Amino acid sequence: MHEFRYVGDEFYCEDVRVGDLARRYGTPLYVYSHKTLLDHFHKLRRAFAPAAPLICFSVKSNSSLSLMKALTDDGAGLDIVSGGELHRAMRIKADPRKIVYASVGKTREEIVAAIRYGILYFNVESIQELGVISAVAQELRRDTRVCIRINPNIDPHTHRYITTGTVESKFGVDLETARVIFLNRPNFKRVSVEGVHVHIGSQITQAAPFVAALKRVLRFIDHLKKAGITVRTLNIGGGLGIIYKQEDPQTAQEYAEEILPLLTSRRLRLILEPGRFIVGNAGVLLTQVLYVKDSPKKRFVVVDAGMNDLARPSLYGAYHEVHPAQGARPDSKTTLKRSDVVGPICESGDFLALNRMMPLFDAGELLVVMGAGAYGFSMASNYNSRRRPAEVLVKGRTVRVIRQRESYADLLRHEKVVEL
Ligand SMILES: Cc1ncc(COP(=O)(O)O)c(C=O)c1O
Ligand SMILES: N[C@@H](CCCC[NH3+])C(=O)O
């Protein structure tokens, strides 16, 4: 059963009316379904079960400690991209041997911390970075492991800002550079170059680009084998698309059915790094209508959540469904009006929905912005000196605050008034 749904006229998350959550915790409010989170993780794990992969939840998609903990308690590893995400992993005592670390710009300090914690692999994105990892490992007298992130030059047909595996993109190294690294791996002391990593982008709805990228990488692995080099680990990244509107993404099962046959008879340890697939539809953003006003062209529904709370619509023109928390979805009898759902931020690009035929929302009404679990709170900011929203986790009837709404004191915490 879908855990975000109407029961009669009321919108629910699991067994809790979202209207009650808004009254109790205020808005804007991120609400997550524990069951949906784990269901999605399990779907992927079941689909890939024959290969027994390590599934590393991509922390950047949602860095909430409680969600990370729920997933790691259930066996997930973590895919991190910064010292901050490492710190979060350490805070929940995540198993370091299930942590992989990608980023084109890992600092020395971050590399030191990751080696000290004993993470599984760095996903290395340049020769220079590999040199620094080796130097740090030698200084610390610790061995460490890496996979080489390959940029396979495959277009995943997604938004250009979230395309990561074409020659135009900064991520990874081309095949020739990867070959040079493998051939010269003894030069990188204390580093074991064990595998390859590929992640071509995000919100990819079809299997074809994944398959094309994987075939390219497997050919590369075969070439290395002929040169006497054995690759033991293959990290195929994340990127699985979800339904925001009317997408028809491959299911976990369909994805696995395309990928797994390419891997049989190869002795590779498989790693996946999904973020959005696990958490995207496990969260919604609740927001209250402050005012409505009509222009000659449309209605503006001004709500109390803005682009600082959910950046995706402004940043990528991303589509998120918006539903009233009370009153069922519009049907053929509902009066609809072309509307923009806009936030309070002083930017024309501050919108959650544009030019949608919507019911006549009115001040005080509560709206549910769907599909806000991934890259929602994790991309929230304090722009316009707005306090970032609270987050709650729902499990059945149980509701827990997993992050308090920021206070005005939080906003000023790191500042000083100096007079020179
Ligand atoms: C290296 C890497 N792994 C995993 C992910 C997670 O992607 P997604 O949330 O699309 O699964 C990303 C983000 O695109 C990434 O850059
Ligand atoms: N932030 C993007 C996804 C970025 C993926 C990170 N590599 C989104 O909201 O869709």
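Rules used in this analysis
Residues numbered from 1 in each chain as written. Chains lettered and ligands numbered in written order. Predicted model: local features only at pLDDT ≥ 70, side-chain atom pairs only at ≥ 80, totals over all residues. UniProt positions renumbered as here; feature names shortened; annotations may be inferred. Pairing = 2+ DSSP bridges. Helix = DSSP H or I, 4+ residues; strand = E, 2+ residues; numbered from the N terminus. Axes fitted to C-alpha atoms, helices over the stretch in contact; angles between N-to-C directions. Domains from an automatic or database assignment. Contact = placed C-beta atoms within 7 Å. Nonpolar A, V, L, I, M, F, W, Y, C, P; charged D, E, K, R; others polar. Near = placed C-beta within 6 Å. Parallel < 35°, antiparallel > 145°, perpendicular 65-115°, else oblique. Left-handed = near helix turned anticlockwise from the far one by under 90°. Buried ≥ 20, exposed ≤ 12 C-beta atoms within 10 Å, placed from the backbone.

You'll find the protein chain entered in an unreviewed UniProt entry as Diaminopimelate decarboxylase, with Velamenicoccus archaeovorus given as the organism. UniProt, in the comment section headed Pathway (unreviewed entry), describes the protein chain in these words: "Amino-acid biosynthesis; L-lysine biosynthesis via DAP pathway; L-lysine from DL-2,6-diaminopimelate: step 1/1." In UniProt, the protein chain has this text filed under Cofactor (unreviewed entry): "pyridoxal 5'-phosphate".

A. Looking closely at the sheet that holds strand β6 (residues 77–80). With respect to topology, eight strands assemble into a closed barrel ordered β5-β6-β7-β8-β9-β10-β11-β12, the strand pairing being parallel. Strand-to-strand twist across the sheet, computed as the mean angle between neighbouring axes with direction ignored, equals 30°. Both strand β10 (residues 191–197) and strand β11 (residues 233–235) contribute to a ladder of three bridges, which runs parallel. Residue Gly 195 lies in a different strand from β11, and its bridge partner there is Thr 233.

B. Geometry of the domain arrangement of the protein chain. As far as domains go, the protein chain holds domain 1 (4–32 + 282–412) and domain 2 (53–276). Tallying the contact residues gives 15 residues for domain 1 and 14 residues for domain 2. Broken down by secondary-structure element, the contributors of at least two residues to the side of domain 1 that touches domain 2 are β19 (390–395) and β20 (398–403). Residues of the side of domain 1 that touches domain 2, tallied by class, amount to nine nonpolar, four polar and two charged.

C. Geometry of the site of ligand 2. The environment of ligand 2 is made up of Lys 60, Ile 162, Thr 164, Ser 202, Gln 203, Arg 312, Tyr 316, Tyr 375 and Met 379. Of the residues that constitute the shell around ligand 2, the class distribution is four nonpolar, three polar and two charged. Formed jointly, the shell around ligand 2 draws a minimum of three residues from each of two domains, domain 1 (4–32 + 282–412) and domain 2 (53–276).

D. Molecular detail of the site of ligand 1. With respect to spatial proximity, 17 residues lie near ligand 1, and among them Ser 58, Ser 202, Gly 238, Gly 275 and Arg 276 are the closest. For the shell around ligand 1, a count of residues per class yields five nonpolar, nine polar and three charged.

E. The packing of helix α4 (residues 83–91) against helix α5 (residues 108–117), seen in detail. Relative to each other, α4 and α5 sit at 25°, their axes nearing to 9 Å. In terms of axis orientation, α4 runs roughly parallel to α5. Between α4 and α5 the crossing geometry is left-handed. In this structure, α4 contributes Gly 83, Leu 86 and Met 90 to the contact, and α5 contributes Glu 109, Glu 110, Ala 113, Ala 114 and Tyr 117. Among the residues forming the contact of α4 with α5, the class breakdown is five nonpolar, one polar and two charged.

F. Layout of the UniProt feature "modified residue: N6-(pyridoxal phosphate)lysine" (unreviewed entry) in the protein chain. Here, the residues flagged by UniProt with the feature "modified residue: N6-(pyridoxal phosphate)lysine" (unreviewed entry) are Lys 60. Relative to the helices and strands, Lys 60 is located in the loop between β5 (54–58) and α3 (65–73). By C-beta crowding, Lys 60 is classed as buried, having 21 other C-beta atoms within 10 Å. Not counting chain neighbours up to four residues away, the residues in contact with Lys 60 comprise Val 81, Glu 85, Gly 275 and Ser 378.

G. Region of interest: the UniProt feature "binding site: substrate" (unreviewed entry) in the protein chain. The residues that UniProt annotates with the feature "binding site: substrate" (unreviewed entry) are Arg 276, Arg 312, Tyr 316, Glu 347 and Tyr 375. Taken along the chain, the residues just named run across 100 residues; in space they spread out, the farthest C-alpha pair reaching 27.0 Å. Looking at where Glu 347 falls in the secondary structure, it is placed in the loop between β16 (336–342) and β17 (351–359). Tracing the sequence through the fold places Tyr 375 in the loop between β18 (366–369) and β19. With residues up to four places along the chain from it excluded, the contact list for Tyr 375 reads Ser 61 and Arg 312.

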